[in-house]
Amino acid sequence: AVPGGTTHSNSLNGNECVDNAIADYLLTGKRPARKSGNRADTTCAAMPQPDPTANERRLQRQAPDDGTSRLDMQKIAAPR
């Protein structure tokens, strides 16, 4: 369980606690020790909230002085 997390299911996405528990299970089949009662067997800290302006700031730092448009920069930053 990830109290305060932002997704319903988030795995192998940078949260070391969650990633390690999943990797251990996939590698060995071992699950966390069972806790009594109606609660999670393992609790991990939530990842920090994403910064919605981070990509725009990165694009601004990378903006060339050659007349490249903002749309061109977005295509470079997020290739398909």
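Below you will find a few notes about this structure. Each chain has its residues counted from 1, running along the sequence as written. Local features are withheld for residues below a pLDDT of 70 in this predicted model, meaning they are given only at 70 or higher, and side-chain atom pairs are given and counted only at 80 or more; totals for whole chains, interfaces and linings count all residues. Heavy atoms from the whole structure form the basis of all side-chain values; hydrogens and water molecules are not counted.

1. Some points on the overall build of the protein
Only DSSP runs of H or I with at least four residues qualify as helices, and only runs of E with at least two residues qualify as strands; both kinds are numbered from the N terminus onward. Each helix and strand counted, the protein has three helices and zero strands in total. The helix and strand sequence of the protein, counted from the amino end, reads α-α-α. The buried share of the protein, reckoned over its 80 residues, is 8%. Considering only contacts in the protein between residues 6 or more positions apart, those separated by 24 or more positions represent 47%. Any residue under 20% of the maximum accessible area for its type is buried, any over 50% is exposed, and the rest in between are partly exposed; the area is computed with a 1.4 Å probe on protein chains only. Any two residues whose heavy atoms approach within 4.5 Å at even a single point are treated as in contact.

2. Examining helix H1 (residues 16-28)
What a helix should span is 1.5 Å times the count of its residues minus one. The terminal C-alpha atoms of H1, which comprises 13 residues, lie 17 Å apart, in line with the 18 Å expected from a rise of 1.5 Å per residue. After H1 finishes, the residue Gly 29 shows a positive phi value of roughly 80°.

3. Concerning the side chain of Asn 15
Inspection of the secondary structure puts Asn 15 in the segment before H1. Aside from chain neighbours lying at most four places away, what touches Asn 15 is Val 2, Cys 44, Ala 45, Ala 46 and Met 47.

4. Notes on the pattern of salt bridges
Here, a salt bridge means any side-chain nitrogen of Lys or Arg that lies within 4 Å of a carboxyl oxygen of Asp or Glu. For the coordinates displayed, the defined rule picks out one salt bridge. We note a salt bridge from Arg 34 to Asp 41, for which the minimum N-O separation is 2.6 Å.

5. What about the environment of Leu 12?
In this fold, Leu 12 is placed in the segment before H1. A C-alpha to C-alpha distance of 8.2 Å links Leu 12 and Ala 23, two positions 11 residues apart in sequence. Apart from residues lying up to four places away in sequence, Leu 12 is in contact with Asp 19 and Ile 22.

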